[in-house]
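Descriptive analysis of the structure
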Amino acid sequence: MLADLYRRREVLLTLVEKDFKSRYKAKALGRLWSVADPLVMVVIYTIVFAHILRVAERHYPIFLLLGLTPFRFFSNSVNGAAAAVNDNVQLVKKVAFPRVMLPVAVVLSHVRHFFIELGLVGLLFLWYRDAFHASWHLLWLPLVFAVQLAFVLGISLVVSALNVRYRDTQYILTSSLLVLAWLTPTFYSFSVVPPRLAGLLMWNPLVGVVEGYRAVLLHGTAPAMHLLGLAALAASVCLAAGLLVFRHYENVFADYL
Amino acid sequence: MYSPTTSRLSVPGPAADAPVVIDARGVGKRYELQRHRTILLRDAARLALGLGGSEREVFWALRDVSFAVRKGETVGFVGANGAGKSTMLSLVAKTVVPTLGSIAVTGRVAALLELGAGFHPDFTGRENIYVNGAVMGLSRRQLDERMDDIVAFSELGPFIDEPVRNYSSGMLARLGFSVATEVDPDILIVDEVLAVGDQAFQEKSFNRIVEFRRRGCTIVFVSHSLDTVASICDRAILLSHGQILADGPAAAVAHEYADRVSRGALEPPRSPYEKERVPLWKRALAAAALAGLVGGVGWAGARFVLRDDAPVQRPPAVERAFRMDGP
């Protein structure tokens, strides 16, 4: 299935381009929207969590963005993937092409957004010079990103396939994302989670990912290996499940659209 | 009474030993009726409560259909509404997978089904050509090379760089037809598309289809116009309620169809409706999913909400405000 994608990468790139462009078509501010959203969020969440609720983290805006950006990448990709097949009814009904391209293109287009938003983190690091740690630990970043991408892809594949067959997937997804938004350490640090909850929460691969980015970029240390290892394990299971579920349902897509 | 017109086209039919490019064997396609479809939460709830149907009704759009099409042949499918013609075309286009049997298709397929419906409304005509062309299998370079031809054939002129949401349905059809026929298909699937566009464009598209035929392209065609089928096709297949009633020279089959309609003799040998048991594992899975959901939320509620044992810490701001001894 993935080899298929590589062989027809040109089509995939066209679809990525389509998804990326379509988000800003017919909108006056165009691409500015992709940074406006996180900017507003950084300001309001920093006021609420650092100044009212007093979460004790240094450089809270960066701390927050390093959690918020990966989570937004996850939730936007999954939401987009849920609609990926359903929104392309006519393409799916008319042309035979690897269906897996539709959700994958959505995820890849959000990878682009993810990097744009990371640019924002870069700007904040320019402001808080002392927050950044240049060290060999930066080499962990590609691995953390790979774990994150595997998890996002896996869930996106499951959701895009199930949503064709069972339209109530959309509703289950909306509430699940809300739950996950709070169970991911975006506003708080995983280190403050009491042990009896931590054992449960750490099965969320985004914990390992978010804490991995923070360890490397903000603390200049290696990621916590037990968290990253668990995240890698859970993410691989999700990716495998995603491919299986998608392959099971893709044959009947046209029947249910 | 229907009488076939003489063929307008002087295109020789394919050689009898031409290779088979579409080979359908015992093809069946079953659809679940919408009202019997599993809806995850509703069904899970029903099962958990021990209510509700273990049977569902299914509809066979096609049943035990076998035929072979040779390279260069032009085959028309005829039949009443709901006979399974469009399902058949989707199977050939490989957008729909058969429930039973197999269908082997050799070569690049282009489908002229519901023209232009796959376009993104906010994209310009040109951008849509790139997306649609790519999905149909053309590389970026091939598309760049053919762009001028596609635009010229569509006769859209300056509108090609307008978002297609502003197009009329005729303009959409022109654009769709231009892209689909520019991909050099080995097999062209045509579903009633000659009815769109104005007279001049209809003529132009008709001529293009004829040109494809002349080049040795295999064409599969659905039309309600028996005249068109008799004049374009070498061969026709009469479908009724998902089953083949006749397969032979186009004029003869068109004749038989018209004859059967007038006699009211289109009844199938078997009813397309059937009852089917819902597999136990599906029901069990749905019940397990629901149990997991209810259990998870219930457990978390009982553990963290009903047992009020969260550590209480006075917020620092409050503490300072109540401190009496001053700084």
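Turning to the overall build of chain A, a few remarks are in order. Regarding its fold elements, chain A presents 12 helices and 0 strands. When the helices and strands of chain A are listed from N to C terminus, the series reads α-α-α-α-α-α-α-α-α-α-α-α. Here the C-alpha radius of gyration of chain A, 19 Å, is about what a compact globule of 257 residues would show, namely 18 Å. Dimensions of chain A along its principal axes, counting C-alpha atoms only, are 55 × 45 × 35 Å. In chain A, which comprises 257 residues, the share counted as buried stands at 42%. Looking at chain A alone, contacts between residues at least 24 apart form 79% of all its contacts between residues at least 6 apart.

This part is about the environment of Phe221(B). Residue and element names in this part refer to chain B. Take phenylalanine 221: it is sitting in strand 7 (residues 218–222). The spacing of phenylalanine 221 and valine 78 is 143 residues in sequence and 8.8 Å in space, taken between C-alpha atoms. Among all residues touching phenylalanine 221, those that are not within four sequence positions of it are Thr74, Val75, Gly76, Val190, Val229, Ile232 and Cys233.

What follows concerns the sheet that holds strand 5 (residues 109–112) of chain B. All names here are of chain B. What the 6 strands build is an open sheet, ordered 5-6-7-3-8-9; its pairing is mixed. In this open sheet, the two edge strands, each paired with only one partner strand, are strand 5 and strand 9 (243–249). Neighbour-to-neighbour, the strand axes of this sheet turn through a mean angle of 15°, independent of strand direction. Across 6 bridges, strand 8 (residues 235–240) lies against strand 9 in antiparallel orientation. Its bridge partner being in strand 9, alanine 236 is matched across the sheet by glycine 248.

In the Ramachandran plot, Arg54(A) falls in the positive-phi region, its phi being about 60° despite a non-glycine side chain. Residue placement: Arg54(A) occurs in the loop between helix 3 (33–52) and helix 4 (60–84). You can call Arg54(A) exposed: it has 11 C-beta atoms within 10 Å. A positive phi angle, close to 50°, is found at Asp64(B), a residue other than glycine. Along the chain, the position of Asp64(B) falls in strand 2 (residues 55–70).

Residue and element names in this part refer to chain A. Note that valine 42 resides in helix 3. When the C-alpha atoms of valine 42 and leucine 68 are compared, they prove to be 8.7 Å apart, with 26 residues separating the residues in sequence. Look past the residues within four positions of valine 42 in its chain and what remains in contact with it is Pro61, Leu64 and Leu65.

What follows covers the nonpolar core. Counting residues in hydrophobic clusters, the biggest one holds 144 residues, and the most contacted among them are Val92(B), Ile189(B), Val229(B), Ala236(B) and Ala254(B). Among the elements that take part in this core, helix 7 (residues 141–165) of chain A stands out by supplying 13 residues, more than any other. Beyond its immediate chain neighbours, meaning those up to four positions away, Val92(B) contacts Ile22(B), Ile103(B), Val105(B), Val109(B), Ile189(B) and Val220(B).

Before going further, it helps to examine the confidence of the model for chain B. Residue and element names in this part refer to chain B. Of all residues in chain B, 80% have pLDDT values of 70 or greater, and the mean over the chain is 79. Across chain B, the secondary-structure element scoring lowest on mean pLDDT is helix 10 (residues 316–322), at 51, and the one scoring highest is strand 4 (residues 100–105), at 92. For residues 1–10, every residue scores under 50 in pLDDT, and the model assigns this stretch 17 contacts once sequence neighbours within four places are set aside. Interface scoring of the predicted complex returns ipTM 0.75; its pTM is 0.83.

So, about the packing of helix 4 of chain A against helix 10 (residues 205–219) of chain A. Residues and elements named next belong to chain A. Put simply, helix 4 and helix 10 touch, their axes get as near as 10 Å, and they point 145° apart. Like other packed secondary-structure pairs, helix 4 and helix 10 cross with a definite hand, here right-handed. Between helix 4 and helix 10, the contacting residues are Ile62, Phe63, Leu66, Gly67, Pro70, Phe71 and Phe74 on the first element and Leu206, Val209, Val210, Tyr213, Arg214, Leu217 and Leu218 on the second. A class-by-class count of the residues in the contact of helix 4 with helix 10 yields 12 nonpolar, 1 polar and 1 charged.

Conventions and cut-offs
The residue numbering used here restarts from 1 in each chain and proceeds along that chain's sequence as written. As a convention, the first chain written is A and the first ligand written is 1, with the rest following in written order. Only residues with pLDDT of at least 70 are given local features in this predicted model, and only at 80 or more are side-chain atom pairs given and counted; all residues enter the totals for whole chains, interfaces and linings. Comment: elements are numbered from the N terminus, with helices defined as DSSP H or I runs of at least four residues and strands as E runs of at least two. Restricting the calculation to C-alpha atoms gives the radius of gyration, and the globule rule supplies 2.2 Å times the number of residues raised to the power 0.38. Partly exposed residues are those falling between the two cut-offs: more than 12 but fewer than 20 other C-beta atoms within 10 Å of their own, whereas 20 or more means buried and 12 or fewer means exposed, with C-beta atoms placed from the backbone. Throughout, a residue-residue contact means that the two C-beta atoms, derived from backbone geometry, are no farther apart than 7 Å. Strand pairing is assigned whenever DSSP detects at least two bridges linking the two strands. Each axis is a line fitted through C-alpha atoms, and for a helix only the stretch in contact is used; angles between axes span 0 to 180 degrees, taken between their N-to-C directions. Buried Ala, Val, Leu, Ile, Met, Phe, Trp, Tyr and Cys residues whose C-beta atoms connect them within 7 Å together make up a nonpolar core. pLDDT gives the predictor's per-residue confidence on a scale running from 0 to 100. Crossing handedness: left-handed means the near helix sits turned counterclockwise from the far one by under a right angle, and right-handed means the same turn made clockwise. In this classification, Asp, Glu, Lys and Arg are treated as charged, Ala, Val, Leu, Ile, Met, Phe, Trp, Tyr, Cys and Pro as nonpolar, and every other residue, Gly included, as polar.

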